[in-house]
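Take a look at the letters that make up each chain.
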Amino acid sequence: MSLMTKILSASTAMALAAGAAFADGHSAGPAIIYDLGGKFDKSFNESAYNGAQRWADENGGEFAEFEITSDAQREQAIRRFAEDGNSPIVMAGFSWATALETAAPDYPDTDFVVIDVSWIDMPNVRAVGFKEQDGSYLVGVMAAQASETDVVSFVGGMDIPLIRRFACGYAQGVASVSEDATVIANMTGTTPAAWNDPVKGSELTLSQISQGSDVVFAAAGGTGVGVLQTAADEGILSIGVDANQNYLFPGQVLTSMLKRVDNVVYDSFSGTTEAGVVILGVAEGGVGVALDEFNEELVTEDMLASVEAATAAMASGELMVHDYMSDESCPVLEF
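Residues numbered from 1 in each chain as written. Predicted model: local features only at pLDDT ≥ 70, side-chain atom pairs only at ≥ 80, totals over all residues. Heavy atoms only, no water.

Visitor: What is the right way to read the packing of helix α2 (residues 44–59) against helix α9 (residues 261–269) from this model?
Guide: Packed helices, taken two at a time, are described by the angle between their axes plus the distance between the axes. Relative to each other, α2 and α9 sit at 40°, their axes nearing to 7 Å. The angle between α2 and α9 places the two elements in the oblique class. At the point where α2 passes α9, the crossing takes the right-handed sense. In this structure, α2 uses Phe44, Ser47, Ala48, Gly51, Ala52, Arg54, Trp55, Glu58 and Asn59 to contact α9, whose residues at the interface are Val261, Asp262, Asn263, Val265, Tyr266 and Phe269. Here the contact of α2 with α9 is built from residues that sort into eight nonpolar, four polar and three charged. (Axes fitted to C-alpha atoms, helices over the stretch in contact; angles between N-to-C directions. Helix = DSSP H or I, 4+ residues; strand = E, 2+ residues; numbered from the N terminus. Parallel < 35°, antiparallel > 145°, perpendicular 65-115°, else oblique. Left-handed = near helix turned anticlockwise from the far one by under 90°. Contact = heavy atoms within 4.5 Å. Nonpolar A, V, L, I, M, F, W, Y, C, P; charged D, E, K, R; others polar.)

Visitor: Looking at this structure, I do not really get the pattern of salt bridges. What am I missing?
Guide: Where charged atoms from two side chains of opposite charge approach closely, those side chains can pair. Under the criterion given, the structure shown has 13 salt bridges. A salt bridge links lysine 39 to glutamate 65; the shortest N-O distance between them is 2.8 Å. Of this pair, lysine 39 sits in the loop between β1 (29–34) and α2 while glutamate 65 sits in strand β2 (residues 64–67), and the two are 26 residues apart along the sequence. Of the two residues, lysine 39 and glutamate 65, neither departs from the other in class, the shared state being buried. Between arginine 80 and glutamate 83 there is a salt bridge, with the nearest N and O atoms lying 2.6 Å from each other. With arginine 80 and glutamate 83 both in helix α3 (residues 74–83), this residue pair falls three residues apart, about one helical turn. Of the residues examined, arginine 80 reaches a relative accessible area of 18% and is grouped as buried. The structure contains a network of salt bridges with shared partners spanning Asp116, Glu132, Arg165, Lys259 and Asp323. (Salt bridge = Lys/Arg side-chain N within 4 Å of Asp/Glu carboxyl O. Buried < 20%, exposed > 50% of the residue type's maximum accessible area, 1.4 Å probe, protein only.)

Visitor: Looking at this structure, I do not really get the packing of aromatic side chains. What am I missing?
Guide: Working definition: an aromatic ring pair is given by the centre-to-centre distance plus the angle between the planes. Applying the stated rule across the entire model yields seven aromatic pairs. When the ring of phenylalanine 63 is compared with that of phenylalanine 269, the centres are 5.9 Å apart and the planes differ by 50°; the resulting orientation is tilted. Remark: phenylalanine 269 occurs in helix α9 and phenylalanine 63 occurs in the loop between α2 and β2; sequence separation between them is 206 residues. According to the relative accessible area criterion, phenylalanine 63 is buried, its value standing at 0%. Given a relative accessible area of 6%, phenylalanine 269 falls into the buried group. Aromatic pair tyrosine 170 and phenylalanine 217: ring centres 5.1 Å apart, planes at 55°, arrangement tilted. Pair noted here: tyrosine 170 is in helix α6 (residues 161–177) and phenylalanine 217 is in strand β8 (residues 215–219), with a separation of 47 residues, a long-range link. Given the relative accessible area of 0%, tyrosine 170 is considered buried. (Phe/Tyr/Trp six-rings, centres within 6.5 Å; stacked < 30°, edge-to-face > 60°.)

Visitor: Help me out: how do you make sense of the sheet that holds β1 in this one?
Guide: What links the strands of a sheet is backbone hydrogen bonding, and the strands pair in either a parallel or an antiparallel sense. The strand order across the open sheet built from six strands is β2-β1-β3-β4-β5-β11, with neighbouring strands paired in parallel fashion. What marks the edges here is a single partner per strand, and that holds for β2 and β11 (276–280). On average, each strand axis in the sheet is inclined to that of its neighbour by 15°, with strand direction left out of account. Contacting β1, β2, β3 (86–92) and β4 (112–115), α2 crosses the sheet at an angle of about 165° to β1. (Pairing = 2+ DSSP bridges.)

Visitor: It is not clear to me how the layout of surface pockets should be interpreted in this structure. Could you clarify?
Guide: Rolling a probe over the atoms, with the probe sized like a water molecule, indicates the empty space that remains. In this structure, the largest pocket occupies an estimated 330 Å³ of space. Along the walls of the largest pocket sit 25 residues, with Asp35, Phe44, Phe94, Trp195 and Gly221 positioned nearest its centre. Elements represented by at least two residues in the lining of the largest pocket include exactly α2, α6 and β9 (237–242). With three residues, α6 is the single largest residue contributor to the lining of the largest pocket. Looking at the lining of the largest pocket, its residues break down into twelve nonpolar, six polar and seven charged. (1 Å grid on protein atoms, 1.4 Å probe; cavity = no way out; pocket = protein on both sides within 12 Å on 5 of 7 lines; lining within 4 Å. Points joined across faces, edges and corners; volume = space filled by probe spheres on them.)

Visitor: When you look at the side chain of aspartate 323 in this model, what are you seeing that I'm missing?
Guide: Turning to its location among the elements, aspartate 323 is positioned in the loop between α10 (301–316) and α11 (324–327). Accessibility expressed as a relative area gives 18% for aspartate 323, which makes it buried. A distance of 2.8 Å separates the side chain of aspartate 323 from the side chain of arginine 165, its partner in a polar contact. Among the polar contacts made by the side chain of aspartate 323, one reaches the main-chain amide nitrogen of methionine 325 at a distance of 2.9 Å. Other than its neighbours up to four places away in sequence, aspartate 323 contacts Gln133 and Arg165. (Polar contact = N/O pair within 3.5 Å; in protein donor to acceptor, adjacent residues only side chain to side chain.)

Right under this line is the structure:
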């Protein structure tokens, strides 16, 4: 049985949640399990999928995949792929941490990779985190230079320290350009549903526009699509996240804060990684900004020069962007 894009039907998903095994029981190969919001969220999950598909296209390989629909499926999904012989098993998102810590010791010969987690230290787990604050700082620099009102904004998904890290880095980048600029920050919610609520994202964006924002940065998974859509409809600029979202609204998305989840999946499937905790920043090509034909008319030479200078300073250690998660505080933004 081919494992290529093994999408489970609703009935199979129910069987998985109940503990039923996959159909062939013992097939091997890499696997990826997406987080809530679905693999085609045009953001984090889709970036993970793109990395898996790139590996398959370049190597003629096959991979298994599964989209969870509830938190209750996490540990079952990990165990069923492990029992099926899949390795490595890649999990997209920090919410996999607890289930992985529970299941991984029972499968010592299986390699696991979890993305957006930097605290799991196990012999068969590679935990990959990112310096989101650095990439967010860069897009903050661009937002401040693009703004005509000196008011910019941020829409986060679920209100958790990781997303506050994005917002804090963004606000620091804005402040580096204009100390008088105002940054409005709102979170969509406090439950996982906040990752897939484009209507609420749109409402928050409209509220921010009414307060003068003319550039909005969304770090909200599928909710962010509503943010970008509303920004385009209302004639202000937006900033995408994780994947390159410039193409969604050409000429209206200033840039996207890239988090190279795709490369993590690609490298993991290629067998070029080892167990341990890894943190990726600008020096490692883990975060950055998206520049392409869809935003080239929006990005000025001054913006490029500022981004290049900040990137070099980060890579050398000269510029240290404050990490909200280091002390749960932000020097330039109140939550």
